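# Structure assessment
Next come the chains, spelled out residue by residue.
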2 protein chains.
Amino acid sequence: MRHRIPLFIATLAFGAVGAVAQQALWDRQPVVSPQIGHNGRTTFNIFAPAADSVALTGDCVPPSMAEFNGNTFAVPGMLPMVKADNGVWSVTVDSLAPELYSYNFIVDGVKITDPANVYALRDISSVTNCFIVPGGNADLYSVHDVPHGTVAKVWYHTDTIGADRRMTVYTPAGYESDRAKRYPVLYLLHGMGGDENAWSELGRATQILDNMIAAGTVEPMIVVMTNGNVDMPAAPGESHLGLTPPTTDLPRTMDGTFESHFPEVVAFTDGNYRTIPDKAHRAIAGLSMGGFHSMHISKQYPDMFDYIGLFSAAILPRDPAASEVYSDLDGKLARQFAEAPALYWIAIGRDDFLYNANTAYRAMLDAKGYPYTYVESDGGHIWRNWRNYLTEFLPLLFR
Amino acid sequence: MRHRIPLFIATLAFGAVGAVAQQALWDRQPVVSPQIGHNGRTTFNIFAPAADSVALTGDCVPPSMAEFNGNTFAVPGMLPMVKADNGVWSVTVDSLAPELYSYNFIVDGVKITDPANVYALRDISSVTNCFIVPGGNADLYSVHDVPHGTVAKVWYHTDTIGADRRMTVYTPAGYESDRAKRYPVLYLLHGMGGDENAWSELGRATQILDNMIAAGTVEPMIVVMTNGNVDMPAAPGESHLGLTPPTTDLPRTMDGTFESHFPEVVAFTDGNYRTIPDKAHRAIAGLSMGGFHSMHISKQYPDMFDYIGLFSAAILPRDPAASEVYSDLDGKLARQFAEAPALYWIAIGRDDFLYNANTAYRAMLDAKGYPYTYVESDGGHIWRNWRNYLTEFLPLLFR
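Residues numbered from 1 in each chain as written. Chains lettered and ligands numbered in written order. Predicted model: local features only at pLDDT ≥ 70, side-chain atom pairs only at ≥ 80, totals over all residues. Heavy atoms only, no water.

Take the sheet that holds strand β2 (residues 42-47) of chain B next. Residues and elements named next belong to chain B. Strand order across the open sheet formed by four strands is β1-β2-β8-β7, with antiparallel pairing between neighbours. The strands lining the two open edges of the sheet, one partner per strand, are β1 (35-36) and β7 (82-83). As paired elements, β7 and strand β8 (residues 88-93) share two bridges and run antiparallel to each other. Residue pairing in the sheet places Val 82 in a bridge with Ser 90 of β8. (Pairing = 2+ DSSP bridges. Helix = DSSP H or I, 4+ residues; strand = E, 2+ residues; numbered from the N terminus.)

This paragraph deals with the environment of Pro 49 of chain A. Residue and element names in this part refer to chain A. Within the element layout of this structure, Pro 49 appears in the loop between β2 (42-47) and β3 (54-58). Sequence separation between Pro 49 and Asp 85 is 36 residues; the distance between their C-alpha atoms is 8.6 Å. Each residue touching Pro 49, except ones within four places of it in the same chain, is listed here: Lys 83 and Gly 87. (Contact = heavy atoms within 4.5 Å.)

Of all the positions in helix α7 (residues 329-338) of chain A, only Gly 331, Lys 332, Leu 333, Gln 336 and Phe 337 of chain A are classed as buried. Buried residues belonging to α7 of chain A abut α6 (289-300), β18 (307-311), β19 (343-349) and α8 (355-368) of chain A. (Buried < 20%, exposed > 50% of the residue type's maximum accessible area, 1.4 Å probe, protein only.)

Attention now goes to the pattern of salt bridges. Within this structure, the stated rule accounts for 30 salt bridges over all chains. Ionic pairing is found between Glu 196 of chain B and Arg 166 of chain B, a salt bridge with its closest N-O pair at 2.6 Å. Residue Glu 196 of chain B is found in the loop between β15 (185-189) and α2 (198-201), and its partner Arg 166 of chain B is found in strand β14 (residues 163-171); the two are separated by 30 residues along the sequence. Summarising the burial analysis for this pair, Glu 196 of chain B and Arg 166 of chain B share the class buried. Linking Arg 252 of chain B and Asp 255 of chain B is a salt bridge whose minimum nitrogen-to-oxygen distance equals 3.0 Å. Of the residues examined, Asp 255 of chain B reaches a relative accessible area of 27% and is grouped as partly exposed. Each member of the salt-bridge network shares a partner with another, and the members are Arg 166, Glu 196 and Glu 238 of chain A. (Salt bridge = Lys/Arg side-chain N within 4 Å of Asp/Glu carboxyl O.)

This brings us to the pairing of strand β3 (residues 54-58) of chain B. Residues and elements named next belong to chain B. By the criterion of burial, β3 is predominantly enclosed, with five of the five residues buried. With burial as the criterion, each face of β3 is covered, one bearing Val 54, Leu 56 and Gly 58 and the other bearing Ala 55 and Thr 57. For β3 and strand β9 (residues 99-107), the ladder comprises five bridges, and the chain directions are antiparallel. For Thr 57, the partnering residue across the bridge sits in β9 and is Asn 104. Where β3 meets strand β6 (residues 78-80), three bridges bridge the pair, whose relative direction is antiparallel. Looking at the pairing, Thr 57 lines up with Met 78 of β6.

Listed below in structure tokens is the structure:
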């Protein structure tokens, strides 16, 4: 109840209780949730006196195993919460390792966000709350009192697609004040279902860049985060397609068009930002489908990128007839590696459903004698890995 | 169920069902909600077979009346939802006027966001879903296929406060491509509990500016949206104060410090953007507490702003001893009006709890013979009014 006293004072200060929408000022939750204690001990609370059952679910809960089509795989686990006499349901998870976690509550069968936690992230069609257990790499995901870069939502035009489209652009601290300095550029691509917000929000790319640049472990760079869904000019709700929920599940993501329009992205970036506009100062990386895009774009335009990062890449065979982009893979890779990229970096988790596809791709690179750096981690096709991969990849760039 | 088929195809395309976090790709809701039909007819749906009661609440529902301390005031209304055999609870609201609406569901007593609607807005400590019934001014709140400005989250340093702080900066379409053109600036301030995100998110300022500039009814301008909470460098979760819920209810918002540091905001803006750095090309406006700030800043620095907008302004007496900013109100207003601002614009709703305070302020201006423009609307202290006021105020600037 301690939050209510200052609000009541605020009420008095304003002389009277206001109208409907004014209610937000007084609409506090009677609990704090989550409460993050020592050694990763975290307690979740929700005031739900009339509910019959409440559970916690998310990546802070051990997964359950399920079967589908003969495959065994992990699904989100659930922890039942316990109701106290005051109507508050609670559960405590001990010893969470430092990490950014996502969670939801399940109240009488409905998956909801935590009413006491305003920090939520959208992952495709799901909205989950998040919290950070500090320590280790997770400290890179928090905002610290260091110089901060600028994050901008910028629209560019593409003739290839015939549309104005939205990108997220990170410019490092100092970009505005030192107007002579030019910077290298990383193009950072999202996975299927993601959009131009994914890396800066779920991926904590802004915080990672601010913190690692401030620490001197990463070169100051511009980071351009595009939208890989050709039929969606911007994230859901941010384009003229409106606020209605997205109904197109695969909005032309892997038909060659996104890859083909990428030189326009690079030209726009070089035309509008103080870049160093050459191959030695350009990197491209992506997760899952974004890894697929990075692989195809970098071999399609072998003079464009010196640094390539494939994070849990969806390296799956594509019908060469589907697009010129997917034709002559052997010849294009030969041209790319003949020019010896400075870094061809592949990372994947041992539990990733794309592990075998990546093994096959590496075997092909090995057979051809094309050099690459390989990082194999624990875990599967999850943001936790992609944030880690970014922290490992960034220090290798432009040095 | 129609959404599930393409996702299943996606599953096949990837060869296997993935791991825990991968689930987001398959985690679709079995209903569409809200469904917006003709003439504002809107149906809300939620799949909750185990729930005992579900209701709709929000500003799309007629308010109820309540009493507190002898005052009668409106509180959010509720509409019970009805359960069908398939476990889906629904309710339909007819004839909603064109507007951006906010809503939540109440499931067995817990206020939740709509699991089928990823579009949510945070208003202080509440997260609500939103939707737009098209038509009239509401069309200005939608994204249309017009040239879009850039929205950036930018950090500036202030010696007065001794901190790096975050602002939202809107630069109009064409700002990057025509590098000779200079622009006027509107400083747009939020209310109590808000932050540097409030006007661009709840206020739809980005969409309003894009649409009205494209229509030629508003001059292209830069809009700077600051954070008026002196003890919070940035919105919750966006500063080194962390992801834990905010516990300071009035983080030094009206003690004179924010007003005193404002020349640093203007200097940063003029130093980092292609502004026209004179009084004739600067406006300041704000809602509620932001109106209070705009009033005090504009009279404290009478040579700085030619256009002043007070939207439902919290014009309440302050102890002159609390800050030099609040001293000598009469003398400072006399100096401000002696220099004849181009526009001093006051708007408030008839049901606003600050109506009488604004009436008293206008009576004082009248008694002194200080000219101003007055707009009185229906309704109370609500975002609906502030969005409308912005659409009325913007066309009056810099012409």
